[in-house]
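Tertiary structure, described
Each chain, written out:
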Amino acid sequence: MRRGLPALLLALAPGLVATSTIAEDVPTSVIAIDDAIFTKHSELSSAKKDRDNQQQTLNEHEEKLSGYNKAAKKLDRSLSKSKSNLERDYSRMIDEPDLDLSSSQTQYQEAWAGVKQNQVLRLEAEQELEEQQATLAKKQAEVTRIEENIASLEDSKLRARAERLKHELRQSGSQKVSFTNVCSTSMTIAQCDKQTVDLALQKSVNQFQAALIDETTEENLIKQNLDKVSLNIHVLRHQIVESGFYDGKRYRAIMDVQLDARPTEVTACTLLDLDSQYCFAPGQYNESQVKQKETAWVTLIIRSNQHNDRVAVNGVSYGSTPVEIMLPVGAHMVSVAKEGYRSFNQELKIDSDHQLRAVLRENRNELKAGQIFADALSDNSSAPNLVTFTPGTYHIGEHASKQVHLDHAFAIGATPTTVQQFEHFVKSTNYQTDAELTKVCTTIKRSEITPVPDSYWRNPGFKQYVNSPVVCVSQNDAFAYTRWLSEQTGYNYRLPTEDEWEIAARAGTETKYWWGDKFKPGEANTGWSGTPWSNTSTSPVSAFEPNSMGLYDMIGNVWEWTNDRRGMSKGGAWSFSPAMASAHERLFVAPSSASNYVGFRIIREIN
């Protein structure tokens, strides 16, 4: 069998692509480049279609080979059985010399022939599959080559646009200008004449610049950026055609003026909103060539800790954060506002690119129980959804016999912390859990705590999804996650107290479960509860109905760490009985240990 052929072709493909890309002539004018890009896109569409068709063919060959492999297992079993039958009949011949072996011999021969035929078919299918993989590799290489051609052409187009504008701006010309001036009565005629000529020259510069811009190919875009540059227009010479008072009060000068535009090397790129590198030949760009005095505008990036806010700079609205704004250097008033939050206002003096993070604080008097919100993280992604609880009197404990007064508001995670949310934390911090360091995560097996080999939060011993509750995390790991959330958002995150957790779980009820005192099979993921996950694995956090406050999985799925330093957790789990999921039940686990039936839910303090 010819193994390794597709890999070899893929290894060679980049070299083939590079050679063909270099070999093609690149047009230099914008129009020619546009035509070439259009043609390449047509080629790309065709190449992708060929590649996709080849992928379909490859899939069909893989299915064919898979069928042969499945048949091989069946044939092997048949051969093994017929061989056993034949051996049994041979043994019987010792006592039964006249025993007829023809039937068992025929079965064995037919089974052996089937196995051999299947081996031939599989060999042919494997060879065909490798050939199809090689063809697919070539077609993918062709797609890559065309995509690189298009990217190169797009880059060349940007450079060509800049070069075209350079040519359009570097012009010399003449202007005939007439300017009428009302001079001060204290001026002499000579002073009045000089002032009028100077003003006429300024007018000629403005006229010449306007005429230059009107003749450019990308006039509308250029006018939007004209205040960011200087065209560096020089007056070469001027000739006064006529000057003097023409009504006793007003002095008029009529002049012919010769002018020349000398924009800097990067002016064209600024006017076209292009990176400065496109105004230089490839490999020749140097930032020191861009004069500092021409960088009169800088970038201000504004972020906040909330979504759907409103940003205004100097009274002009710029939508919601994050926003990126070009502003002239100097002082600017920045405002960020959101309904229900205290507005952020700051005068900011900037002389270079700057980033500003506004922290909006909630208005305390607007808090209501059951509100759902999420804080923003520093990368502008969202922290977990939270549900608010307000101060008041609640009943908790077995039979709801304990009355407690909650003297503070808090927000609790709408779901247990998920695999995806914990992964965001790990990627941001390179954090290693206790289970990874100790290489121990346990499970319950035959009513005993048993280590699961090579298990940790990514591989807890069963299949999980991005929206499954994270498990194999210790109480220490949960504390680390809440500290990271606090640093990211500017608010205080932590694990719940036992009272807070139970108040949230009961959702105002006084029964064992939020729906009543009797457990409902199929309504939560506990052991022996009749769900697809019971006694097997965790379930996605949105698999069952939430309680009346909008909280999911307050019954079962995973035990959830509290902030009790003894290692108390609440809520029951997929591998524990339904009775253990009652709101008042507890499970004590060593804070540094990790199990695939324990996760956690976060609390965010509200001041």
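Since the structure is predicted, the reported quantities are computational estimates derived from the model, not experimental observations.

**Focus on the packing of helix H7 (residues 419-429) against helix H9 (residues 475-489)**
Packed helix pairs are specified by the crossing angle of their axes together with the interaxial distance, meaning the distance between the axes. Between H7 and H9, the shortest axis-to-axis distance is 11 Å and the interhelical angle comes to 75 degrees. Overall, the two elements H7 and H9 adopt an arrangement that is roughly perpendicular. Contacts from Gln-421, Phe-422, His-424, Phe-425, Ser-428 and Thr-429 of H7 reach H9 at Asp-477, Ala-480, Tyr-481 and Trp-484. In terms of residue class, the contact of H7 with H9 is made up of 5 nonpolar, 4 polar and 1 charged.

**A word on empty space enclosed by the protein**
One pass over the full model with this rule turns up 3 cavities of 30 Å³ or more. Contributing to the lining of the largest cavity are Trp-514, Trp-515, Glu-523, Ala-524, Phe-544, Glu-545, Leu-551, Tyr-552, Asp-553, Met-554 and Ile-555. Residues that form the lining of the largest cavity fall into these classes: 8 nonpolar, no polar and 3 charged. A volume near 40 Å³ is recorded for the second largest cavity. Around the second largest cavity, the lining residues are Trp-501, Ala-505, Arg-506, Thr-511, Lys-512, Tyr-513, Trp-514, Met-554, Ile-555, Ala-581, Ser-582 and Ala-583. A per-class count over the lining of the second largest cavity returns 8 nonpolar, 2 polar and 2 charged.

**What about the state of the cysteines?**
A disulfide bridge is the covalent bond that connects two cysteines by way of their sulfur atoms. Scanning the entire structure with this criterion turns up 2 disulfides. Across the disulfide, Cys-269 is cross-linked to Cys-279 (sulfur-sulfur distance 2.1 Å). In this structure the cystine formed by Cys-269 and Cys-279 twists about its S-S bond by roughly 125 degrees; its chirality is therefore right-handed. Highlighted residues: Cys-269 in helix H6 (residues 267-271) and Cys-279 in the loop between H6 and strand S4 (297-304), separated in sequence by 10 residues. Each of the two residues, Cys-269 as well as Cys-279, counts as buried. Disulfide partner of Cys-441: Cys-472, at an S-S distance of 2.0 Å. Given an S-S torsion of about -80 degrees, the disulfide between Cys-441 and Cys-472 has left-handed geometry. Taken together, the positions of Cys-441 in the loop between helix H8 (434-438) and strand S18 (442-445) and Cys-472 in the loop between strand S19 (448-451) and H9 put the pair 31 residues apart, joining distant regions of the chain. Take Cys-441: its relative accessible area is 0%, and that puts it in the buried class.

**Quick look at the pairing of strand S16 (residues 402-406)**
The pairing of strand S15 (residues 392-396) with S16 spans 5 bridges and is classified as antiparallel. Each residue of the ladder has a partner; that of Thr-393, found in S16, is His-405. Connecting the antiparallel pair S15 and S16 is a turn made up of 5 residues, with Gly-397 showing a positive phi of about 85 degrees.

**Brief notes about the layout of surface pockets**
Taken as a whole, the second largest pocket spans an internal volume of roughly 570 Å³. Elements with a contribution of two residues or more to the lining of the second largest pocket: strand S9 (341-342), strand S12 (361-362) and strand S13 (372-373). A class-by-class count of the residues in the lining of the second largest pocket yields 9 nonpolar, 10 polar and 8 charged.

**A look at H7**
Regarding H7, the residues found buried are Val-419, Phe-422, Phe-425 and Val-426. All buried residues of H7 project into a common sector of 125 degrees when viewed along the axis, lining one side. Where H7 is buried, its residues contact H9 and strand S24 (598-600). Once H7 ends, the next one or two residues include Asn-430, with phi positive near 60 degrees.

**As for the pattern of salt bridges**
All chains considered together, the criterion is met by 30 salt bridges. Where Arg-92 meets Glu-96, a salt bridge forms, and the shortest distance between an N and an O atom there is 3.5 Å. Since its relative accessible area comes to 34%, Arg-92 is described here as partly exposed. A salt bridge links Glu-219 to Lys-223; the nearest nitrogen and oxygen atoms lie 2.7 Å apart. With a gap of 4 residues between them, Glu-219 and Lys-223 both fall in helix H5 (residues 219-225), about one helical turn apart.

**Some thoughts on the confidence of the model for the protein**
Scored by pLDDT, the protein has a mean of 87; 93% of the residues are at 70 or more. Note that residues 289-296 has pLDDT below 50 and, in this model, 11 contacts with residues that lie over four places away or in other chains.

**Topic: the side chain of Asp-477**
One can find Asp-477 in helix H9. In this structure the side chain of Asp-477 is engaged in a polar contact, spanning 2.9 Å, whose partner is the backbone nitrogen of Ser-474. Asp-477 has contacts with Phe-422, Tyr-431, Thr-433, Asp-434 and Cys-472, leaving out every residue within four places of it along the chain.

**Topic: the sheet that holds strand S2 (residues 233-245)**
One open sheet holds the 3 strands; their spatial order is S1-S3-S2, and the pairing between them is antiparallel. A single partner strand is all that each edge strand has here, and the edge strands are strand S1 (172-182) and S2. For this sheet, the mean inter-axis angle between neighbouring strands, taken without regard to orientation, is 20 degrees. Inspection of the sheet shows S2 paired to strand S3 (residues 250-261) by 11 bridges, in the antiparallel sense. Counterpart to His-238 in the pairing with S3 is Val-257. Set on the sheet, helix H4 (residues 189-214) makes contact with S1, S2 and S3; between it and S1 the angle comes to about 135 degrees.

**Points about the nonpolar core**
Counting residues in hydrophobic clusters, the biggest one holds 37 residues, and the most contacted among them are Phe-422, Tyr-481, Leu-485, Tyr-597 and Phe-600. Sorting the residues of this core by element identifies H7, H9, strand S21 (559-561) and S24 as the ones contributing at least two each. The element contributing the most residues to this core is H9, with 6 residues. Among the nonpolar cores identified, the runner-up in size contains 27 residues, and Ile-213, Leu-231, Val-266 and Cys-269 belong to it.

**What to know about the sheet that holds S21**
What holds strands together in a sheet is hydrogen bonding between their backbones, with the strands either parallel or antiparallel. Reading across from one edge, S23-S22-S21-S24 is the order of the 4 strands in this open sheet, with mixed pairing throughout. A single partner strand is all that each edge strand has here, and the edge strands are strand S23 (587-588) and S24.

Basis of the calculations
Residues numbered from 1 in each chain as written. Predicted model: local features only at pLDDT ≥ 70, side-chain atom pairs only at ≥ 80, totals over all residues. Heavy atoms only, no water. Axes fitted to C-alpha atoms, helices over the stretch in contact; angles between N-to-C directions. Helix = DSSP H or I, 4+ residues; strand = E, 2+ residues; numbered from the N terminus. Parallel < 35°, antiparallel > 145°, perpendicular 65-115°, else oblique. Contact = heavy atoms within 4.5 Å. Nonpolar A, V, L, I, M, F, W, Y, C, P; charged D, E, K, R; others polar. 1 Å grid on protein atoms, 1.4 Å probe; cavity = no way out; pocket = protein on both sides within 12 Å on 5 of 7 lines; lining within 4 Å. Points joined across faces, edges and corners; volume = space filled by probe spheres on them. Disulfide = S-S within 2.5 Å. Buried < 20%, exposed > 50% of the residue type's maximum accessible area, 1.4 Å probe, protein only. Pairing = 2+ DSSP bridges. Arc of directions from axis to C-beta. Salt bridge = Lys/Arg side-chain N within 4 Å of Asp/Glu carboxyl O. pLDDT = per-residue confidence, 0-100. Polar contact = N/O pair within 3.5 Å; in protein donor to acceptor, adjacent residues only side chain to side chain. Core = buried A, V, L, I, M, F, W, Y, C linked by side-chain atoms within 4.5 Å.

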